[in-house]
Amino acid sequence: MSKHAQERVFVAGHRGMVGSAIVRALRKQAGCQLILRSHEELDLTQESQVQDFFAEQAIGTVYLAAARVGGIYANQHYPAEFIRQNLQIESNVIHCAWKHRMQKLLFLGSSCIYPRAAPQPIREEYLLGGPLEATNEAYAIAKIAGIKLCESYNRQYGTDFRSIMPTNLYGPGDNFHKEDSHVLPGLIRRFHDAQVTQASEVMIWGSGQPLREFLYVDDMASACLHLMRQSRETLAKLTAPQCSHLNAGSGEEIRIAMLALLIAEITGYEGHIAFDNSKPDGTPRKLLDSSRLRSLGWSPRMPLREGIRLTVQHFMALQSSTPLANAADTAHASAATRTEPLALRV
Ligand code: NDP
């Protein structure tokens, strides 16, 4: 029987991409009792609601996958909401987890916590070693605060709050919004739309040369559960009280241009792919060093091609279940034979 047996496990953000993958993984474990609340049922930015919820529920473990998340557009336009809401969510959940003597908590951060010019591959100890990427600084600061909240409660109160920093994630449940998605789901959307509208060309911002790492969301969920299964003693040997977070990445890099070709092939788009070199590339390379997590016996399973195929399948299912929304979204693209340049967070 698993360590989660008889445990009441709260997955915060269970309707999101990562939270729903954690739920899928936990459902495969015997004896795990899941406690789930939608945003509407429990607003985690509201301390009194979080207090009441934790007081009523005898929760043993928390996976904190709820966050205000968005692409470059949202991060640039709503930095105040990004920093405030994420600080509120983390602060409320982590504080209440301590107050109600929860056994374990896992906080999900992001690779954007690392300095913009961090050496590659990025090791955990590079945190706070230099300036952050300006476009998502507010979000990154909130995520760094989440790690430091966990560490501070651990140091002062002896709690067992852990943190994991994923690389770029993708998979079912992703955000395929036309203007505000991450690069991989954004490309799926773009090539699908171009294929449907028979566009002759898809133009992508930048040179296509930056290297990026991607991890399938179910591999991320398995990393989360794997980390939570480790004993405190094992983790103490691998981490430090003030550098307790672990990176989670696939370790495989792909150029954006190659990724575009792969997605074009999988979506069936046969037109031309162009790159707009006058537009910024972002950082040339972003690769996490996940050797610490791997030394605990975790490794990702999903090959990129197969992961993209499954994600496209999921996207297609969404498209067919919301034909009107899709038609509205793609209406302006069908008027032209050339799609708008793609500006995505890479
Ligand atoms: P999603 O946007 O898919 O999911 C976030 C979830 O949080 C949603 O279910 C959302 O509910 C919920 N939520 C947001 N605000 C509140 C609130 N005030 N109260 C209760 N619930 C709330 O994000 P992801 O699953 O992609 O991300 C999850 C975590 O993983 C985040 O911490 C993110 O930083 C991290 N991560 C994600 C990466 C990625 O590539 N996607 C990469 C690296 C890290 P609702 O939609 O109803 O508001």
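Predicted, not measured: the structure shown is a model, and the values here were computed from it.

(A) Highlighting helix H2 (residues 47-56). Of the residues making up H2, those classed as buried are Val 50, Phe 53 and Phe 54. One side of H2 carries all its buried residues, which in axial view fall inside an arc of 90°. Opposite the buried face of H2, by more than 90 degrees, sit the exposed residues Ser 48, Ala 55 and Glu 56.

(B) How the structure looks around the nonpolar core. Judged by nonpolar contacts, the single largest core of 90 residues is most densely connected at Ala 12, Ile 22, Val 62, Leu 64, Val 93, Met 220 and Cys 224. For this core, the two domains that each supply at least three residues are domain 1 (8-170 + 213-248) and domain 2 (183-211 + 252-285 + 303-334). Met 220 has contacts with Val 18, Ala 21, Pro 166, Leu 169, Leu 215 and Ala 248, leaving out every residue within four places of it along the chain.

(C) Quick look at the domain arrangement of the protein chain. Segmenting the protein chain into domains produces domain 1 (8-170 + 213-248) and domain 2 (183-211 + 252-285 + 303-334). If you list the elements that add at least two residues to the side of domain 1 that touches domain 2, you get strand E6 (168-170) and strand E8 (211-216). Top contributing element to the side of domain 1 that touches domain 2 by residue count: E8, with three residues. When the residues that make up the side of domain 1 that touches domain 2 are grouped by side-chain class, the tally is three nonpolar, two polar and two charged.

(D) Geometry of helix H6 (residues 183-196). Taking 1.5 Å of rise per residue, the 14 residues of H6 would be expected to cover 20 Å, and the 20 Å separating its terminal C-alpha atoms lies within 8% of that figure. Burial of H6 is extensive: 12 of the 14 residues sit out of reach of the surface. Just beyond H6, the residue with positive phi is Gln 198, at close to 60°.

(E) Region of the structure containing the site of the ligand. Of all residues adjacent to the ligand, which total 22 residues, the nearest are Gly 13, Gly 16, Val 18, His 39 and Ala 67. Elements with a contribution of two residues or more to the shell around the ligand: helix H1 (17-27) and E6. Looking at the shell around the ligand, the element that brings in the most residues is H1, giving three residues. When the residues that make up the shell around the ligand are grouped by side-chain class, the tally is 11 nonpolar, eight polar and three charged.

(F) Quick look at the packing of H2 against helix H4 (residues 79-99). Put simply, H2 and H4 touch, their axes get as near as 10 Å, and they point 30° apart. As far as their axial angle goes, H4 and H2 are roughly parallel. The way H2 lies across H4 gives a crossing that is right-handed. For the pair H2 and H4, the contacting residues are Glu 47, Val 50, Gln 51 and Phe 54 in the first and Asn 92, Val 93 and Cys 96 in the second. Its residues assigned to classes, the contact of H2 with H4 comprises four nonpolar, two polar and one charged.

(G) A look at unusual backbone geometry. Residue Gln 120 is joined to Pro 121 through a cis peptide bond whose omega torsion reads -15°. A positive phi angle is found at Arg 101, which is not glycine, with a value near 55°. Mapped onto the fold, Arg 101 is located in the loop between H4 and strand E4 (104-108). For Arg 101, a count of 12 C-beta atoms within 10 Å puts it in the exposed group. We note that Gln 198 has phi near 60°; this positive angle belongs to a residue other than glycine. Secondary-structure assignment places Gln 198 in the loop between H6 and strand E7 (201-205).

(H) Structural view of the packing of H1 against helix H7 (residues 217-229). Remark: H1 packs on H7, axes separated minimally by 8 Å, with the N-to-C direction vectors making an angle of 65°. Seen along the crossing, H1 lies across H7 with a hand that is right-handed. On the side of H1, the interface is formed by Met 17, Val 18, Ala 21, Ile 22, Arg 24 and Ala 25, while H7 contributes Val 217, Asp 218, Met 220, Ala 221, Ser 222, Cys 224 and Leu 225. Taken together, the residues of the contact of H1 with H7 break down into 10 nonpolar, one polar and two charged.

(I) The arrangement of the sheet that holds strand E1 (residues 8-12) in detail. Taken in spatial order, the six strands line up as E2-E1-E3-E4-E5-E9 in an open sheet, and their pairing is parallel. The open sheet has two edge strands with one neighbour each: strand E2 (33-35) and strand E9 (246-248). Here the strands of the sheet are splayed against their neighbours by 25° on average, with no regard to which way each runs. The pairing of strand E5 (residues 160-166) with E9 spans three bridges and is classified as parallel. If you follow Pro 166 over to E9, its bridge partner there is Ala 248. Each of strand E3 (61-64), E4, E5 and E9 is contacted by H7, which is oriented at about 155° to E5, the strand it contacts most.

Thresholds, definitions, all that
Residues numbered from 1 in each chain as written. Predicted model: local features only at pLDDT ≥ 70, side-chain atom pairs only at ≥ 80, totals over all residues. Buried ≥ 20, exposed ≤ 12 C-beta atoms within 10 Å, placed from the backbone. Helix = DSSP H or I, 4+ residues; strand = E, 2+ residues; numbered from the N terminus. Arc of directions from axis to C-beta. Core = buried A, V, L, I, M, F, W, Y, C linked by C-beta atoms within 7 Å. Domains from an automatic or database assignment. Contact = placed C-beta atoms within 7 Å. Nonpolar A, V, L, I, M, F, W, Y, C, P; charged D, E, K, R; others polar. Expected span 1.5 Å × (residues − 1). Near = placed C-beta within 6 Å. Axes fitted to C-alpha atoms, helices over the stretch in contact; angles between N-to-C directions. Parallel < 35°, antiparallel > 145°, perpendicular 65-115°, else oblique. Left-handed = near helix turned anticlockwise from the far one by under 90°. Pairing = 2+ DSSP bridges.

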